[in-house]
Amino acid sequence: MRLGLFGGTFNPIHFGHLRAAVEVREAFELDKVLLIPSARPPHKDADDVADALDRLEMVRVAVEGVPSLEASDIELARAGPSYTIETLRYFQNHFGAESAIHFIVGQDAFSEITTWKSYQQLFATAHFVVMARPGSRLKGLEGFIHSHISRDYQYEPASNRYVHPRWSCIFCVNITHLDISATQIRELTRQGRSIRFLVPEPVEDIIVKKAFYR
Ligand code: ATP
């Protein structure tokens, strides 16, 4: 099983996330990509975050009918803050050693990884797929990896990845980066402006019906 895990606050999920998930799934020939909303994001201001069950519901309706994309409630089922290391270990135990787990992350989130719990152990647990915008060369990534993760990571240009003698790979991938953020969607909603074509329609319907981000 080649599994992609795409974690986020998804407050709300938008077409930027969805397009990224589709492109990474195809590029890495993943059997499926699970989109995993965090229950209690340790790094976000809780005031503006919709309830976890509602964010999960928005992810569910967003991927309905999309082959190989699925919503996962794994972080909601666990008590306490949502730590990626625990999620990766869960899937590693669940799918066994023969599965190849790819944790998908934008470069913005990756550059904050030193603030994540047990972050160095993440690289012993799963491959990382770091997404950049086309044209941007993941600037500073090598220096960041060497100074914060491990000096033993070596770049392999042919496969655009960093390999380590004992740990998993860090892959770089250029995706069509749609310049959409959840912050922008919340702000537009607050101003009573349209969010059409930034999120799937069923997500928009939930935001309107439940009066989120007002
Ligand atoms: P916010 O604006 O509230 O900070 P966000 O839109 O950045 O939210 P998150 O849920 O924080 O969304 O992001 C989850 C993951 O998706 C992160 O790895 C982030 O880098 C990535 N991501 C966010 N926006 C995009 C986008 N437009 N295209 C591709 N990846 C994205």
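Structure shown above.
Residues numbered from 1 in each chain as written. Predicted model: local features only at pLDDT ≥ 70, side-chain atom pairs only at ≥ 80, totals over all residues. Heavy atoms only, no water.

**As for the environment of Phe171**
So, step 1. Within the fold, Phe171 resides in strand S8 (residues 170–174).
So, step 2. For Phe171, a relative accessible area of 12% translates into the label buried.
So, step 3. Between the C-alpha atoms of Phe171 and Glu156, which are 15 residues apart in sequence, the distance is 9.7 Å.
So, step 4. In contact with Phe171, not counting residues within four places along its chain, are Phe28, His102, His127, Phe128, Val129, Val130, Asn160 and Arg161. (Helix = DSSP H or I, 4+ residues; strand = E, 2+ residues; numbered from the N terminus. Buried < 20%, exposed > 50% of the residue type's maximum accessible area, 1.4 Å probe, protein only. Contact = heavy atoms within 4.5 Å.)

**Examining unusual backbone geometry**
Note: most peptide bonds trans; most residues except glycine with negative phi.
So, step 1. For the peptide bond that leads from Asn11 to Pro12, omega is 5°, which places it in the cis range.
So, step 2. With respect to the helices, strands and loops of the structure, Pro12 is situated in the loop between strand S1 (2–8) and helix H1 (15–27).
So, step 3. The phi dihedral of Ser118 is positive, around 50°, even though this residue is not glycine.
So, step 4. Residue placement: Ser118 occurs in the loop between helix H4 (107–110) and helix H5 (119–125).
So, step 5. Its relative accessible area of 30% is what places Ser118 among the partly exposed residues.
So, step 6. Unlike most non-glycine residues, Tyr213 shows phi in positive territory, near 60°.
So, step 7. Looking at the secondary structure, you find Tyr213 in the segment after helix H8 (201–209).

**Some words on the packing of aromatic side chains**
So, step 1. Enumeration according to the criterion identifies 14 aromatic pairs in this entry.
So, step 2. Here Tyr153 and Trp167 contribute two aromatic rings whose centre-to-centre distance is 6.4 Å and whose plane-to-plane angle is 55°, an arrangement assigned as tilted. Linking Tyr153 in the loop between helix H6 (141–149) and strand S6 (154–156) with Trp167 in the loop between strand S7 (161–163) and S8, this pair joins segments that are 14 residues apart in sequence.
So, step 3. Looking at Tyr153, the relative accessible area reads 1%, which means it is buried.
So, step 4. Relative accessible area serves as the criterion here: at 24%, Trp167 is assigned to the partly exposed category.
So, step 5. Put simply, the rings of Phe103, Phe110, Trp116, Phe123, Phe128, Phe144, Tyr153 and Trp167 pair up and form one aromatic cluster. (Phe/Tyr/Trp six-rings, centres within 6.5 Å; stacked < 30°, edge-to-face > 60°.)

**Some words on the nonpolar core**
So, step 1. One finds Ile13 and Val24 to be the most contacted residues of the largest nonpolar core, which totals 37 residues.
So, step 2. Looking at this core element by element, the count peaks at five residues for helix H2 (residues 52–63).
So, step 3. Setting aside residues up to four positions removed in sequence, Ile13 forms contacts with Leu18, Leu35, Met58, Val59, Ala62, Val199 and Val203. (Core = buried A, V, L, I, M, F, W, Y, C linked by side-chain atoms within 4.5 Å.)

**Re the pattern of salt bridges**
So, step 1. Evaluation of the coordinates by the stated rule reveals eleven salt bridges.
So, step 2. Among the ionic pairs, Glu70 bridges to Lys32, the shortest N-O distance being 3.6 Å. Of this pair, Glu70 sits in strand S3 (residues 69–71) while Lys32 is found in strand S2 (residues 32–37), placing the two residues 38 residues apart along the sequence.
So, step 3. Through salt bridges that share partners, Asp48, Arg186, Glu187 and Arg190 make up one connected network. (Salt bridge = Lys/Arg side-chain N within 4 Å of Asp/Glu carboxyl O.)

**Here we look at H6**
Within an α-helix, residues lying three or four positions from one another point in the same direction, as the helix has 3.6 residues per turn.
So, step 1. Those residues of H6 that fall on the buried side of the exposure criterion are Leu141, Phe144, Ile145, His146 and Ile149.
So, step 2. For H6, the secondary structure elements touched by its buried residues are H4, H5, S7 and S8.

**Focus on helix H3 (residues 84–95)**
So, step 1. Over its twelve residues, H3 extends 16 Å from the first C-alpha to the last, a length consistent with the 16 Å expected when each residue adds 1.5 Å.
So, step 2. Within the span of H3, buried status applies to Thr84, Ile85, Thr87, Leu88 and Phe91. The arc that holds every buried residue of H3, seen down its axis, measures 165°, which confines them to one face. For H3, the exposed residues lying more than 90 degrees away from the buried face are Asn93 and His94.
So, step 3. For H3, the elements touching its buried residues are S1, S2, strand S4 (100–106) and H5.
So, step 4. Among the residues trailing H3, Gly96 stands out with phi positive, at a value near 80°. (Expected span 1.5 Å × (residues − 1). Arc of directions from axis to C-beta.)

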